[in-house]
Amino acid sequence: MRLRVGAILVAILALPAAPTFAQVTGVAKVGVNFGMTKFEEDDASFDTDWKTGLVIGGGIDVPVTTLFSFSPEVLYTQKGGKNGDLTDDVGDIDVKLQIDQIQIPLLFKAKFNSGSVTPFVSFGPGIGFTTSAKIKVEDIDDDEDIKDDVETVDFSGIIGGGVQFGRGIIGVRWDQGFRGLDKEEFSEGKLRTFSILFG
């Protein structure tokens, strides 16, 4: 009896939602990341320089109302940072921290109008799954693999905006990591990423 009642309720709730799902649209996205990492240890803190990286993937847009929608995505994203201020006996050396992730942003989008050219803002949480973590040193061929020392899952908050024209999108976003990278908690290294995306 409970199963039958539950099935009836699901069917009733699905009826008004059916027209909305017919308007679901998908979009591929590609862009550039500008990433840095903020390290905090005891009372001291250190920010790396900015490092560029690739971001590519796609998402869907599920309308909730005319001007509000739910927009989950799946992205391959390169984050991290670099430090060009280290010096050895020869001179300055370039050291890069590269963290590659499969990230799932769960964004909510608010549009300012429903015309052909539509400004919008988006916000929501992001869940990142680390696929690679390396330290790259200039003029050294072998990268240091630090994936075992880095947290597998990262959580972040995302806020951004842009312009949608037809099915095309130009957008920017700020992605602020909440979880420290280091499994051993030697230092609280948190990812910060500014992205420019085209779709």
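The structure presented is a predicted model; accordingly, all values stated were derived computationally and were not measured.

Undergrad: How should the overall build of the chain be read in this particular structure?
TA: A count of helical and extended segments in the chain gives one helix and ten strands. In the chain, the succession of helices and strands from N to C terminus is α-β-β-β-β-β-β-β-β-β-β. Expressed as a percentage of its 199 residues, the buried residues of the chain come to 35%. Of the roughly 11,600 Å² of accessible surface on the chain, 62% is carried by carbon and sulfur atoms.

Undergrad: Sorry if this is basic, but what is going on with the packing of aromatic side chains here?
TA: Any two aromatic rings considered together are summarised by their centre-to-centre distance and by the angle between their planes. Counted under the stated rule, the structure contains five aromatic pairs. Considering the side-chain rings of Phe68 and Phe108, the 6.2 Å spacing of their centres and the 10° angle between planes classify their relative orientation as stacked. One end of the pair, Phe68, is in strand β4 (residues 68-87); the other, Phe108, is in strand β5 (residues 92-111), with 40 residues separating them in the sequence. Through a chain of ring-to-ring contacts, three or more aromatic side chains come together here, namely Phe68, Phe70, Phe108 and Phe123. Looking at Lys109, its charged tip hangs above the ring of Phe120, at a distance of 4.7 Å from the centre.

Undergrad: Honestly, the pattern of salt bridges in this entry has me stumped. Any pointers?
TA: Once their charged atoms are close, side chains differing in charge can pair, the charge on each being opposite to the other. Counted according to the given criterion, the structure contains six salt bridges. For Lys38, the salt bridge identified is with Asp47, shortest N-O distance 3.3 Å. When its relative accessible area of 22% is taken as the criterion, Lys38 is described as partly exposed. The exposure class of Asp47 is partly exposed, given its relative accessible area of 38%. The closest approach of N and O atoms between Arg173 and Glu73, which form a salt bridge, is 2.9 Å. Residue Arg173 is located in strand β9 (residues 168-177), and its partner Glu73 is located in strand β4; the two are separated by 100 residues in the primary sequence. According to the relative accessible area criterion, Arg173 is buried, its value standing at 8%. Salt bridges here are not isolated pairs; linked through shared partners, they connect Lys29, Glu73 and Arg173.

Undergrad: How should I be thinking about the pairing of strand β8 (residues 153-165) in this particular structure?
TA: Looking along a regular strand, one sees the side chains alternate between the two faces of the sheet. Strand direction decides the pairing type here: strand β6 (residues 117-137) and β8, joined by 13 bridges, are antiparallel. Bridge assignment links Gly128 to a residue of β8, and that residue is Asp154. A loop of two residues connects β8 with β9, the two strands running antiparallel in sequence, and Gly166 in this loop sits at a positive phi of about 65°.

Undergrad: Looking at this structure, I do not really get a negative patch on the surface. What am I missing?
TA: Where like charges cluster on the molecular surface, the negative patch consists of Asp141, Asp142, Asp143, Glu144, Asp145, Asp148, Asp149 and Glu184. Summarising the element assignment, Asp149 is placed in the loop between β7 (144-145) and β8. In this structure Asp149 comes out as partly exposed when scored by relative accessible area, which is 44%.

Undergrad: I'm lost on the confidence of the model for the chain in this one. Help?
TA: A low pLDDT means the predicted coordinates there should not be read in detail. Looking at the chain, the pLDDT average stands at 83 and 81% of residues meet or exceed 70. Below pLDDT 50 for its whole length, residues 1-21 participates in two contacts with residues either more than four positions away or in separate chains. Between residues 86-90, whose pLDDT stays under 50, and residues either more than four places distant or in other chains, the model counts six contacts.

Thresholds applied
- Residues numbered from 1 in each chain as written.
- Predicted model: local features only at pLDDT ≥ 70, side-chain atom pairs only at ≥ 80, totals over all residues.
- Heavy atoms only, no water.
- Helix = DSSP H or I, 4+ residues; strand = E, 2+ residues; numbered from the N terminus.
- Buried < 20%, exposed > 50% of the residue type's maximum accessible area, 1.4 Å probe, protein only.
- Areas by Shrake-Rupley, 256 points an atom, 1.4 Å probe, with all protein chains shown as cover.
- Phe/Tyr/Trp six-rings, centres within 6.5 Å; stacked < 30°, edge-to-face > 60°.
- Lys NZ or Arg CZ within 6 Å of the ring centre and 35° of its normal.
- Salt bridge = Lys/Arg side-chain N within 4 Å of Asp/Glu carboxyl O.
- Pairing = 2+ DSSP bridges.
- Patch = residues over 30% accessible without salt bridge, like charges linked within 9 Å, V, L, I, M, F, W, Y side chains within 5 Å.
- Lys, Arg positive; Asp, Glu negative; His and termini not counted.
- Charge placed at Lys NZ, Arg CZ, Asp CG, Glu CD.
- pLDDT = per-residue confidence, 0-100.
- Contact = heavy atoms within 4.5 Å.

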